[in-house]
Amino acid sequence: RISRGVDSGAGEFIELLEYMIEMFFQDAATVQLAIPQLHGFTHPEELLLLEECTNKPYHVLNREHLLHAYKALQMGETAPQFDLLFPPQRLLYNYDGVVLDRSCLDTVAVVAHARSWTSKMSGMSYARPDPAALTGASALEHLDKWLRHGLRLKGGADNLGVMFFYELLSGSLTLQALPGDSPQRWGAALLRMLPPKDTDKTTYSMALLRILAANPDLASRIPMCVGHLLASLCAGADWLACSGEARHFVYPVHLSEVFLFTPTLASALYLMLLYFQARRYEDVFQLAASCVCDMELSAAERQIWAQLEQLEEDLSPAAHACRLRLSLAALPARDHMPVPWSLDAELSAYTRKLTHVPATCRLTPQ
């Protein structure tokens, strides 16, 4: 199908096609034409029927004109010229221009609806793909499956949804069909595969995804999804072997019901890890001083401390403050409690984002 103005080469191709038709009819006197007949009808009968039709679409008009020219040639007359008609240009859904969605930029509305929005988000099912299967040919197979099943903002057949797009756009989930592929670009491309009923609404989720898709620099600094990194810790045989006989921690609740007691260093480390995962940065900041020891760590304590490396991708301003607070607390015990991040990089990020660090997480001059 050809539509005028679709691309720069369409006009030239149409001119070439018209020239070929003109040459075809010039040589018709010496070449026997072979125009296929409709089943059960001769050309004169078909032409008679076409002349009786009203509201003829472009392909019917083309057929009628062709039969008139064929009839003239059969009678030894000059074939009449006619303009070849083409289908109208198909109107494609304009993802980038249909909706001007500033929902997530309305601070008052976001705060007012934060609870209902987070409850909706927590109710969405998300089957996180295995990152190991999202490289090379396997990545293409997954892409083919997702596109065949259809992507949806609320999950769809493959239970992907908002969290899947957020992870791609923020770099929490790696998708590389070829080495060097950008997950953010894949996320931006797949976002355009959503149906219009998902993308033409002004919602906080879609507004956030649009902003991340259009701003790669911002997406690279957005807080990453880290909950999945800790979700399967207790399922590994190595983890259970290092844990010894302890399979859970008991935290007594203070009479004020405001905070928990941490009876052991391992329990304090684990609670701090959970707070960090849940982005309860103020609790992490306050608990940091209880998470160090001047003695050699046990196997259970060491493996919990090592999981802090998994949270290094959290780039929120308060996360930098918490890592610096842990670095200060562990400074006397740095020989057996080395921090798994660059102190220079964290301090640089902290000072750059200082205006966005909550007051409860800011470092004092001391």
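Bear in mind that the values here come from a model prediction, so they are computed numbers and not experimental data. (Residues numbered from 1 in each chain as written. Predicted model: local features only at pLDDT ≥ 70, side-chain atom pairs only at ≥ 80, totals over all residues. Heavy atoms only, no water.)

### A look at the overall build of the protein chain
Quick note on the threshold: Counting from the N terminus, the helices are the DSSP runs of H or I reaching at least four residues and the strands are the DSSP runs of E reaching at least two. Burial classes: relative accessible area under 20% of the type maximum marks a residue as buried, over 50% as exposed, and values in between as partly exposed (1.4 Å probe, protein chains only). Contacts are assigned to residue pairs that have any heavy atoms within 4.5 Å of one another. Every accessible area reported is derived by Shrake-Rupley at a probe size of 1.4 Å, with residue values counting cover from the shown protein chains alone.
For the protein chain, the helix and strand inventory stands at 18 helices and zero strands. Burial status across the protein chain gives 37% buried among its 366 residues. For the protein chain, long-range pairs separated by at least 24 residues make up 65% of all intrachain contacts whose partners lie at least 6 apart in sequence. Accessible surface, the protein chain as shown: approximately 22,300 Å² in total, 57% of it carbon and sulfur.

### As for the packing of helix 8 (residues 183-191) against helix 10 (residues 204-214)
To keep things clear, this is the line we draw: Helix axes are fitted only over the stretch in contact, all axes being lines through C-alpha atoms; the angle between N-to-C directions runs from 0 to 180 degrees. To sort the angles, those under 35 degrees are grouped as roughly parallel, those over 145 as roughly antiparallel, those from 65 to 115 as roughly perpendicular, and the leftovers as oblique. Left-handed is the label given to a crossing in which the near helix is rotated counterclockwise from the far helix by less than a right angle, and right-handed is the label when the rotation is clockwise. Ten residues, namely Ala, Val, Leu, Ile, Met, Phe, Trp, Tyr, Cys and Pro, are considered nonpolar, four, namely Asp, Glu, Lys and Arg, are considered charged, and the remaining ones, Gly among them, are considered polar.
Between helix 8 and helix 10, whose axes approach to 9 Å, the crossing angle comes to 130°. By the angle class used here, helix 8 and helix 10 are oblique. For the pair helix 8 and helix 10, the crossing hand works out as left-handed. Counted together, Gln184, Ala188 and Leu191 of helix 8 and Met206, Leu209, Arg210, Leu212 and Ala213 of helix 10 form the full contact between these two elements. For the contact of helix 8 with helix 10, a count of residues per class yields six nonpolar, one polar and one charged.

### Some points on the side chain of Arg323
Formally: Polar contact is defined as a pair of N or O atoms within 3.5 Å, subject to the rule that within protein one atom must be able to donate a hydrogen and the other to accept it, and that residues adjacent in sequence are counted only when both atoms are side-chain atoms.
One can find Arg323 in helix 17 (residues 317-329). According to the relative accessible area criterion, Arg323 is buried, its value standing at 1%. A distance of 3.0 Å separates a polar atom in the side chain of Arg323 from a polar atom in the side chain of Glu346. Discounting chain neighbours no more than four positions away, the residues touching Arg323 are Phe276, Leu311, Glu312, Asp314, Leu315, Trp341 and Glu346.

### A short note on the confidence of the model for the protein chain
For clarity, the cut-off: A score from 0 to 100, pLDDT tells how confident the predictor is in each residue.
Per-residue pLDDT for the protein chain has a mean of 76; in total, 72% of the residues score no lower than 70. Taken as a whole, residues 1-8 scores under 50 in pLDDT and shows 17 contacts with residues more than four places along the chain or in a different chain.

### Topic: a nonpolar patch on the surface
Filter applied, for reference: Like charges are joined within 9 Å and nonpolar side chains (Val, Leu, Ile, Met, Phe, Trp, Tyr) within 5 Å, but only among residues with over 30% relative accessible area and no salt bridge; these make up the patches. Note on definitions: salt bridges are taken to be side-chain nitrogens of Lys or Arg within 4 Å of carboxyl oxygens of Asp or Glu.
Together, Val258, Phe259 and Phe261 line one region of the surface with nonpolar side chains, adding up to about 310 Å² of accessible area. With respect to the helices and strands, Val258 occurs in the loop between helix 13 (237-243) and helix 14 (265-277). Residue classification places Val258 among the exposed positions, given a relative accessible area of 67%.

### Remarks on the environment of Arg279
Within the fold, Arg279 resides in the loop between helix 14 and helix 15 (281-287). We classify Arg279 as partly exposed; its relative accessible area is 33%. Distance in space between the C-alpha atoms of Arg279 and Asp314 is 9.1 Å, their sequence separation being 35 residues.

### A word on a positive patch on the surface
Applied cut-off: Think of it this way: Lys and Arg go in the positive column, Asp and Glu in the negative one, and His and the chain ends go nowhere. Each charge is placed at NZ for Lys, CZ for Arg, CG for Asp and CD for Glu.
A cluster of like positive charges, contributed by Arg152, Lys154, Lys197 and Lys201, occupies part of the molecular surface. When you line up the elements, Arg152 lands in the loop between helix 6 (136-149) and helix 7 (161-170).

### A closer look at the pattern of salt bridges
Per the stated rule, a full pass over the model turns up six salt bridges. Note that Arg280 and Asp283 form a salt bridge whose closest N and O atoms lie 2.8 Å from each other.

### Some thoughts on helix 14
Note the cut-off: Here a helix's expected span is defined as the number of its residues, less one, multiplied by 1.5 Å.
Taking 1.5 Å per residue as the helical rise, helix 14 with its 13 residues ought to reach 18 Å, and the 18 Å between its terminal C-alpha atoms agrees with that figure. Burial within helix 14 is extensive, with eleven of its 13 residues counted as buried. Considered for burial, the residues of helix 14 that qualify are Leu265, Ala266, Ser267, Ala268, Leu269, Tyr270, Leu271, Met272, Leu273, Tyr275 and Phe276. One or two steps after helix 14, the chain reaches Arg279, where phi turns positive at roughly 60°.

### Side note on helix 10
Counting buried residues in helix 10 gives nine out of eleven residues, a clear majority hidden from the surface. Inspection of helix 10 places Tyr204, Ser205, Met206, Ala207, Leu209, Arg210, Ile211, Leu212 and Ala213 among the buried residues, and these make up the whole buried set.

### Quick look at the nonpolar core
A general tendency of soluble globular proteins is for nonpolar side chains to be buried together. What counts, and what does not: By nonpolar core is meant a set of buried Ala, Val, Leu, Ile, Met, Phe, Trp, Tyr and Cys residues that side-chain atoms within 4.5 Å join together.
Of all hydrophobic cores here, the largest spans 35 residues; its most connected members are Met272, Phe276 and Leu308. Broken down by secondary-structure element, the contributors of at least two residues to this core are helix 14, helix 15, helix 16 (299-306) and helix 17. Those residues in contact with Leu308, other than ones at most four positions away along the chain, are Met272, Leu273, Phe276, Leu326, Pro340 and Trp341. Counting 24 residues, the second-largest nonpolar core is a separate cluster that includes Leu134, Leu169, Leu175 and Leu212.

### Observations regarding the packing of aromatic side chains
To keep things clear, this is the line we draw: Two aromatic rings, drawn from Phe, Tyr or Trp (for Trp, its six-membered ring), form a pair once their centres lie within 6.5 Å of each other, and the interplanar angle then sorts them: stacked below 30 degrees, edge-to-face above 60, tilted otherwise. Any Lys NZ or Arg CZ found within 6 Å of a ring centre and within 35 degrees of that ring's normal is scored as a charge over the ring.
Per the counting criterion, the structure on display carries five aromatic pairs. Consider the rings of Phe276 and Tyr281, whose centres lie 6.1 Å apart with planes at 90°: the pair is edge-to-face. No difference in accessibility class separates Phe276 from Tyr281, as the two residues are buried. Above the plane of the ring of Phe285 lies Arg325, whose end atom (NZ or CZ) is 5.8 Å from the centre.

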